[in-house]
Amino acid sequence: MDYLTDERRLAMKDRIIITGLEIFARHGVYEEEKEKGQPFVINATLETDTSKAGWSDEIDETVDYGVVCTFISDYMTKNNMNTLEALTNQLARKLLKNFPTVSAVNLEIQKPEAPIPLPFKTVSVQIYRTWHKVYVAFGSNMGDREDTIEEAIENLSADECIRMGRKSSYYSSKPYGDVEQDDFTNGVFEMDTLYGEEELLIRLKSEERKAGRVKTVHWGPRPLDLDIIYYDDEVYESENLTIPHIDMSNRDFVLAPLDEIAPFIVHPQLGLTAGEMLDNLENTYVES
């Protein structure tokens, strides 16, 4: 079988391409740039499925690039930002949020009249942004646990950079570790997000703090625990974060709800589904 490489998959994606869109707007670090304004040139590549429109020949079945151009113009003329980096990032996220059939965007904003005291043609910032599929494990063993969890999910659902998906049933589990405490209510939910890995970690930690979590004893009681289990099929490690979650294969209270809502997702390092990891874990218990 001829398996497609990532490069070939990328090359085969449908795209709508907008090139050389000229907009007069007021962005820049200097006050003069904000007062007088200057021209910007936008190049945008939108990844979307064009097959429905290809068969029906109906504009409603595709992304109306005229509407996209108007949206870009409105956003750039109604907002003022200091840097091209902020402008490009925010606009890319707004496009993905407001055009649900667009799965990814490659956006370049050029500034041909930037205040540079040397000869140049243009300066630009180009970025690629897409929705990411994420699975998050949740847990609570303090206060009204289910209400705390539901409030956090409601808060995340209201975030324009997050689209909440399926949520597992609630599972009860014994505390993990040697600290004496109440049982936990656990589960897993799915989301699509525009946040990067570290951005999402910060966002989840903010929800933990809203619920009243403070750093105490390791593996101690807590009103809310939110852990990133999977982020697409990435293997990612930093000082603050490891993806997939480093200990997920040893936690039945993560594997059981994950198997409920995502039985076919495969661990990118172990090559196992949640159900297979759960079977291995149960067999380990039996043998001991």
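Our structure's up above, just so we're on the same page.
Below you will find a few notes about this structure. None of the values given here were measured: they were computed from a predicted structure.

## Some thoughts on unusual backbone geometry
Next, step 1: Cis geometry is adopted by the peptide bond preceding Pro244, which originates at Ile243 and carries an omega value of -5°.
Next, step 2: Turning to its location among the elements, Pro244 is positioned in the loop between strand S11 (242-243) and helix H8 (252-261).
Next, step 3: Positive phi, normally seen in glycine, also occurs at Asp57, with a value near 60°.
Next, step 4: Within the secondary structure layout, Asp57 lies in the loop between helix H3 (51-56) and helix H4 (65-78).
Next, step 5: Positive phi outside glycine occurs at Asp232, with the angle close to 50°.
Next, step 6: Tracing the sequence through the fold places Asp232 in the loop between strand S9 (225-231) and strand S10 (236-237).

## Considering the environment of Ile42
Next, step 1: With respect to the secondary-structure elements, Ile42 resides in strand S2 (residues 38-48).
Next, step 2: In this structure Ile42 comes out as buried when scored by relative accessible area, which is 0%.
Next, step 3: Sequence separation of Ile42 and Ile72 is 30 residues, and the distance between their C-alpha atoms is 8.7 Å.
Next, step 4: If near-sequence neighbours (up to four positions away) are discounted, Ile42 is found in contact with Ile18, Thr19, Gly20, Leu21, Ile23, Ile72, Met76, Leu107, Glu108 and Ile109.

## Re the environment of Glu146
Next, step 1: Position of Glu146 among the secondary structure elements: in helix H6 (residues 145-157).
Next, step 2: Spatially, the C-alpha atom of Glu146 lies 8.3 Å from that of Tyr170, the residues being 24 residues apart in sequence.

## Here's the deal with the packing of H6 against helix H7 (residues 197-210)
Next, step 1: At a closest axis distance of 10 Å, the pairing of H6 and H7 adopts a crossing angle of 140°. Overall, the two elements H6 and H7 adopt an arrangement that is oblique. In terms of crossing hand, the pair formed by H6 and H7 is right-handed. In this structure, H6 contributes Ala152, Asn155 and Leu156 to the contact, and H7 contributes Arg203, Leu204, Glu207 and Lys210.

Cut-offs used in this document
- Residues numbered from 1 in each chain as written.
- Predicted model: local features only at pLDDT ≥ 70, side-chain atom pairs only at ≥ 80, totals over all residues.
- Heavy atoms only, no water.
- Helix = DSSP H or I, 4+ residues; strand = E, 2+ residues; numbered from the N terminus.
- Buried < 20%, exposed > 50% of the residue type's maximum accessible area, 1.4 Å probe, protein only.
- Contact = heavy atoms within 4.5 Å.
- Axes fitted to C-alpha atoms, helices over the stretch in contact; angles between N-to-C directions.
- Parallel < 35°, antiparallel > 145°, perpendicular 65-115°, else oblique.
- Left-handed = near helix turned anticlockwise from the far one by under 90°.

By themselves, these observations are geometric and do not establish any function.
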